[in-house]
Amino acid sequence: MLTGKKILLGVSGGIAVYKAVALTSKLTQAGADVKVVMTKHATEFVTPLSFQALSRHEVYVDTFEEREPDKIAHIDLADWADIVLIAPATAHVLGRMANGLADDLLTTILLATQSPVYIAPAMNVHMYDHPAVQQNMLQLATWGYRFIEPGDGYLACGYVGKGRLEEPEEIIEVIQQHEDSQQQLIGKNVLVSAGPTQEAIDPVRYFSNYSSGKMGFAIAEAAYQQGANVTLVTGPSSLSVINQVERVDVTTTEEMYQEIMKRYDQVDIVIKAAAVADYRPKKVYDQKMKKQTESVTIELEKTRDILRTLGEEKRHQYLVGFAAESQNVRQNGEKKLYHKHLDAIVMNDISRDDIGFDADDNEVVFLSKSGKQKSIEQSSKPTIAKHILDLIARDWKDIYESS
């Protein structure tokens, strides 16, 4: 998958620079066209000549060394790359990237590039765990940067733990797998719903649920990473999503329905991960309800069943629902799959405290109408999302591209 790919390798100053030399060699052997940009501190560990010999390209270090008068180096390199890879990425360079600084050639290129950026951190275990470093990585991930996590082992400082630059072969494998998966949904229009809805009682109160939106947001980003054009319709949530995903904010179940239906004819895949309210108050008070008696009765009415409506009206769309169940998970999920005319269902057990609503992890079972099923063991929600998108993409291909 890397044959002919133009990879810009950014090398920052840490002892792991020696691995970047081997990485350059492995990338060229894999068929990639590699250009190397080094920070000045990186040249204290390894000379540019080593990278030049292996990449067969000149190595770039100085922002102000403009070798071709008709080109601006940092813009030219940013536009040239199909993929940007930062390895090793030190704590210092992560901080500069996360704060939008452009004080050398590498960070200037990173602000200018529109290509996918992979980051392979390498540092002392305590530095890696520091809240500032973790926050910087979280910010970069929010912007769509992809991380290749460091390995555990003996570090140059003498500590043993997480912080060692991943091996070149593993870095290449991660990139190859991601670039391969990127091909599955290129050109597809994907709509994802996420989060809870809120149904007003009066100006200060509403009915809602415990959904945080984490699963739906992770699915939206995973769909983008597989090359799709993604729209995220979300109920109230404090979460952020990468800029490349179109975000539509709603409050009520009816608002969510209207926004989805506006786009339904134009989408190829709908993944309805939102936990919408099944009922709403029949009467909404204009003024705050005053406490008058020991008890109060609020009459409820059903909200629109968005998923069933989408199933009944679908023509070419691939429709995926979620079944968040507290008992008889498999039985209730299968019933929902067929009764609501879905193409696939994702089932999870919300009775467990360690997965489901508002948790960082999940554990699900994917079942498709075509008979595909897969149990995905407990993992972070972004990891679960990647598995779900992979299963959807494969099932879509079998249904639509083999017919």
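The rules behind these values
- Residues numbered from 1 in each chain as written.
- Predicted model: local features only at pLDDT ≥ 70, side-chain atom pairs only at ≥ 80, totals over all residues.
- Heavy atoms only, no water.
- Helix = DSSP H or I, 4+ residues; strand = E, 2+ residues; numbered from the N terminus.
- Buried < 20%, exposed > 50% of the residue type's maximum accessible area, 1.4 Å probe, protein only.
- Contact = heavy atoms within 4.5 Å.
- Lys, Arg positive; Asp, Glu negative; His and termini not counted.
- Charge placed at Lys NZ, Arg CZ, Asp CG, Glu CD.
- Salt bridge = Lys/Arg side-chain N within 4 Å of Asp/Glu carboxyl O.
- UniProt positions renumbered as here; feature names shortened; annotations may be inferred.
- Core = buried A, V, L, I, M, F, W, Y, C linked by side-chain atoms within 4.5 Å.
- Pairing = 2+ DSSP bridges.
- Axes fitted to C-alpha atoms, helices over the stretch in contact; angles between N-to-C directions.
- Domains from an automatic or database assignment.
- Buried area = accessible area lost by both parts, 1.4 Å probe.
- Polar contact = N/O pair within 3.5 Å; in protein donor to acceptor, adjacent residues only side chain to side chain.
- Nonpolar A, V, L, I, M, F, W, Y, C, P; charged D, E, K, R; others polar.

**Describing the overall build of the protein**
Okay, so step 1: Of the regular secondary structure elements, the protein holds 13 helices and 19 strands.
Okay, so step 2: Based on the C-alpha atoms only, the size of the protein along its principal axes is roughly 80 × 55 × 45 Å.
Okay, so step 3: Looking at the protein residue by residue over its 403 residues, the buried ones come to 50%.
Okay, so step 4: Residue pairs in contact within the protein that sit at least 24 positions apart in sequence constitute 67% of those at least 6 positions apart.
Okay, so step 5: Both charge centroids of the protein, one from 43 positive and one from 56 negative side chains, sit 5 Å from each other.

**Focus: the pattern of salt bridges**
Okay, so step 1: All told, the structure shown has 21 salt bridges when counted by the stated rule.
Okay, so step 2: A salt bridge links Glu 246 to Arg 263, with the shortest nitrogen-to-oxygen separation between them at 3.8 Å. Taken together, the residues Glu 246 in strand E12 (residues 246-249) and Arg 263 in helix H10 (residues 253-263) connect sequence positions 17 residues apart.
Okay, so step 3: By relative accessible area, Glu 246 is classed as partly exposed at 40%.

**Describing the UniProt feature "binding site: CTP" (unreviewed entry) in the protein**
Okay, so step 1: In this structure's numbering, the residues bearing the UniProt feature "binding site: CTP" (unreviewed entry) are Asp 278, Lys 288, Phe 322, Lys 336 and Lys 340. What stands out for the annotated residues spanning 63 residues is how far apart their C-alpha atoms range, the widest pair being 37.7 Å apart.
Okay, so step 2: Looking at the element boundaries, Asp 278 is found in the loop between strand E13 (269-272) and strand E14 (279-281).
Okay, so step 3: When near neighbours in sequence (up to four residues on either side) are disregarded, Asp 278 contacts Glu 301, Lys 302 and Thr 303.
Okay, so step 4: Mapping Lys 340 onto the fold places it in the loop between helix H12 (329-339) and strand E17 (344-349).
Okay, so step 5: Residue Lys 340 is classed as buried on the basis of its relative accessible area of 17%.
Okay, so step 6: The contacts of Lys 340, once residues within four sequence positions are left out, are Asp 305, Leu 307, Arg 308 and Gly 311.

**Some remarks on the nonpolar core**
In globular proteins that are soluble, nonpolar side chains generally tend to be buried together.
Okay, so step 1: Counting 36 residues, the largest nonpolar core has Ile 219, Ile 271 and Ile 388 as the members making the most contacts within it.
Okay, so step 2: Of all the secondary-structure elements, those providing two or more residues to this core are strand E8 (189-194), helix H9 (214-225), strand E11 (229-234), E13, strand E16 (318-325), E17, strand E18 (361-368) and helix H13 (381-401).
Okay, so step 3: Contact partners of Ile 219, with chain neighbours within four places excluded, come to Val 192, Ile 271, Ala 273, Phe 322, Ala 385, Ile 388 and Leu 389.
Okay, so step 4: Core analysis: the second largest hydrophobic core is formed by 29 residues, Ala 20, Met 38, Phe 51 and Leu 165 among them.

**So, the pairing of strand E3 (residues 83-89)**
Okay, so step 1: Most of E3 sits inside the fold, with seven of its seven residues counted as buried.
Okay, so step 2: Judged by which residues are buried, E3 turns out to be covered on both faces: Ile 83, Leu 85, Ala 87 and Ala 89 on one side and Val 84, Ile 86 and Pro 88 on the other are all buried.

**Description of the sheet that holds E13**
Okay, so step 1: Judged by pairing direction, the sheet is mixed, and its eight strands sit side by side in the order E12-E11-E8-E13-E16-E17-E18-E19 without closing on themselves. For this open sheet the edge positions go to E12 and strand E19 (373-380), each flanked by a neighbour on one side alone. Ignoring strand direction, the axes of neighbouring strands in this sheet form an average angle of 15 degrees.
Okay, so step 2: Helix H11 (residues 306-313) rests against E13 and E16 of the sheet, and its axis sits at about 155 degrees to E16.

**Points about the domain arrangement of the protein**
Okay, so step 1: Segmenting the protein into domains produces domain 1 (6-182) and domain 2 (189-401).
Okay, so step 2: Centre-to-centre, using C-alpha coordinates, domain 1 lies 37 Å away from domain 2.
Okay, so step 3: Each partner contributes to the interface: domain 1 provides eight residues, whereas domain 2 provides nine residues.
Okay, so step 4: Counting the surface lost from both domain 1 and domain 2, the interface buries some 620 Å², and carbon and sulfur atoms represent 38% of this.
Okay, so step 5: Where domain 1 packs against domain 2, one counts zero salt bridges.
Okay, so step 6: Our count for the domain 1 to domain 2 interface comes out at zero residue pairs in polar contact (both at pLDDT 80 or more).
Okay, so step 7: For the side of domain 1 that touches domain 2, the leading source of residues is helix H8 (residues 168-182), giving three residues.
Okay, so step 8: Tallied by class, the residues present in the side of domain 1 that touches domain 2 amount to two nonpolar, five polar and one charged.

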